[in-house]
Amino acid sequence: MIKKVLTGLIALVTGTLLLAAAGCLVMNKLYEGRFGLGVWLNDVYVTGLTPLEAARALDGTDTDPEGLPAVVMLIGRNDDRLAVPTDRLSITSSYLPAVKEVYALQTPLSLLRGLTGGVHCKLTPTLDFNRDALAEAINAWDIFEDTSEPQCASIEQTPEGYQLVMNVEARPVREAILKTAEEKIGGGEYFVSLDTDGSCYEEQVVTEADRSVMATFEAIEKTRIPNLSYRLGDETITLDASVTDRWLLTGAELHALYNGAGNPAAAGTPESDDREEAEEDATHYLIGGEHVEMLPEDAREVNGFAQSANGELIIKEEEIAAFVMNLCDRYSTLNKTRDFTTHDGRVIQVPAGTYGNEIDTDAEMEWLMEAVKNRPSGEHVPVLTHEARQLGTDDIGKTYVEVDIGQQMLYYFENGRIDMEMPVVTGCHSRHFDTPPGVYDIYFMQRNRTLRGDGYESFVHYWMAFYKHYGLHDATWRGTFGNEIYRNSGSHGCVNLPYASAGPLYEKVEVGTPVIVHE
């Protein structure tokens, strides 16, 4: 019984296979040279069509009203762009190559798939275009205009300091760009990126000369103090590369020191008279943070900078001194005539007095030379030989006393606003006891003091001295203040205040409060 069943199954399978084979042969013969049953290309039914007929049917479906883009855009490195007009390339599209590829995959067995759901393929047309026109446009592209020899790295001076410029840019390869453009345009791309795999550019090799320049720039960076700044009140001066790079001795300056004798290391030992003449006018130097009074004999120029034999750059101490002097010129306010804005908005010049800051130039020079060696970080407040209430170009601040001799008025400013004002009597003008104009500060205060001088003795309740024997004080012996009293009946030089106002003023001011006296 089992044997009969097996025999029947074998016969059934054999018959089925024979029938399928016969069907394949019939289908193959029926659709010879044409697409088989149930084939769809881009949703177009192409069963029974030859590849050429199918391609024509697909080409007829391309009815995009916008048509082709106006240009084909080639995009190179650094966003270099070349726009080639589409009509110049005479671009045409055809599905025939893609249709032929699908047809080539058709086999007798695949023909049966049409009976079980069919075959659906999505195709992209192949573009054809005028390759000579593309080559002509690429050959005229300005990225190929630079035919100069590759430049090595360089160090350039900028307002921000020296900068390393690596001139190792890649060069475009004309043949590779043309090949890539042809392939991608032929594949239907209208925005062609030429830098996807690096084949279109030739990278420039870093040479020994480049490495030498890079080493010099590393030496420059070692002379910098990148995280240090001067704090002067509300103002900050950062010792960045724009400052410290100016201190370096250049190769040109090295040559000039030897009166054109040239690089001593490259040219051999210079003549003794050349060196003696050079050293007569030479400044002192810092090499590796150490002070030297003369340039070493092995000093040489490397990549535009003077270097010692071990590659350390040479710093000019005179440039450090110039920086300190500029700092003093700007922020040392002692003994300087200064601009002052009066209570009524006038900008006047007030003679120097005893008030102001004075930077210790020797101490700052010494500190800064040590900073070059140790490269500290943070903020530094300069050493002062004389100190005002605050640092900065505006060392007076917003709280001070203003004495206007011409108007015979005193104004007390607190935080930038007039807090008190009163008429006064200043030094007698006709007797040449004029109160001296200048910028001072209160250096001594006392209650109930007897003032004595040549031919006078006066008791005052409130004494606020600001310069030598000159001060602000009450004058109970006066009945009136202000106007023209000071011209013929003024004080011996002090500023007389009404008693009712002197006490409140005494409570507001303190030792160190600036006092500005002006005409």
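Refer to the structure above for everything that follows.
Bear in mind the structure is a predicted one, so any value in this text is a computation, not a measurement.

A.B. asks: Would you mind going over the environment of His 386 with me for this structure?
C.D. replies: Along the chain, the position of His 386 falls in strand β24 (residues 384-386). We classify His 386 as partly exposed; its relative accessible area is 29%. Once the C-alpha coordinates of His 386 and Leu 334 are considered, the two residues, 52 residues apart in sequence, prove to be 7.8 Å apart. Looking at His 386, its side chain comes within polar contact range of the main-chain oxygen of Thr 354, at 3.4 Å. Looking at His 386, its side chain comes within polar contact range of the main-chain oxygen of Gly 356, at 2.7 Å.

A.B. asks: Help me understand the nonpolar core, please; the structure alone is not making it clear to me.
C.D. replies: Nonpolar side chains in soluble globular proteins tend to be buried together. The biggest cluster of nonpolar side chains holds 32 residues, and the ones touching the most others in it are Ile 220, Trp 247, Ile 320, Phe 323 and Leu 368. Looking at this core, the elements with two or more residues in it are α7 (208-223), β13 (228-232), α12 (317-331) and α13 (361-374). Judged by nonpolar contacts, the second largest core, of 27 residues, contains Tyr 440, Tyr 462, Ala 475 and Phe 481.

A.B. asks: Is there a simple way to think about unusual backbone geometry in this case?
C.D. replies: Most of the time, phi is negative for any residue but glycine, and the peptide bond is trans. Positive phi, close to 65°, is recorded for Asn 335, a residue that is not glycine. Look at Lys 468: it is not a glycine, yet its phi comes out positive at around 45°. Mapped onto the elements of the fold, Lys 468 is located in the loop between β30 (456-467) and β31 (470-474). Taking relative accessible area as the criterion, Lys 468 reaches 55% and is therefore assigned exposed.

A.B. asks: Looking at this structure, I do not really get the sheet that holds β31. What am I missing?
C.D. replies: For sheets, the rule is that strands pair by backbone hydrogen bonds, running either parallel or antiparallel. Across the sheet, four strands lie side by side as β29-β30-β31-β32; this open sheet has mixed pairing. Of all strands in the sheet, those with a lone pairing partner are β29 (444-453) and β32 (495-497), marking the two edges. The sheet shows a mean angle of 40° between the axes of neighbouring strands, direction not considered. Relative to β31, β30 runs antiparallel, the two sharing four bridges. Note that in β31 the partner of Trp 463 across the bridge is His 473. Across the sheet, helix α15 (residues 499-508) lies against β29, β30, β31 and β32, angled at about 40° from β30, the strand it touches most.

The rules behind each value
Residues numbered from 1 in each chain as written. Predicted model: local features only at pLDDT ≥ 70, side-chain atom pairs only at ≥ 80, totals over all residues. Heavy atoms only, no water. Helix = DSSP H or I, 4+ residues; strand = E, 2+ residues; numbered from the N terminus. Buried < 20%, exposed > 50% of the residue type's maximum accessible area, 1.4 Å probe, protein only. Polar contact = N/O pair within 3.5 Å; in protein donor to acceptor, adjacent residues only side chain to side chain. Core = buried A, V, L, I, M, F, W, Y, C linked by side-chain atoms within 4.5 Å. Pairing = 2+ DSSP bridges. Axes fitted to C-alpha atoms, helices over the stretch in contact; angles between N-to-C directions. Contact = heavy atoms within 4.5 Å.

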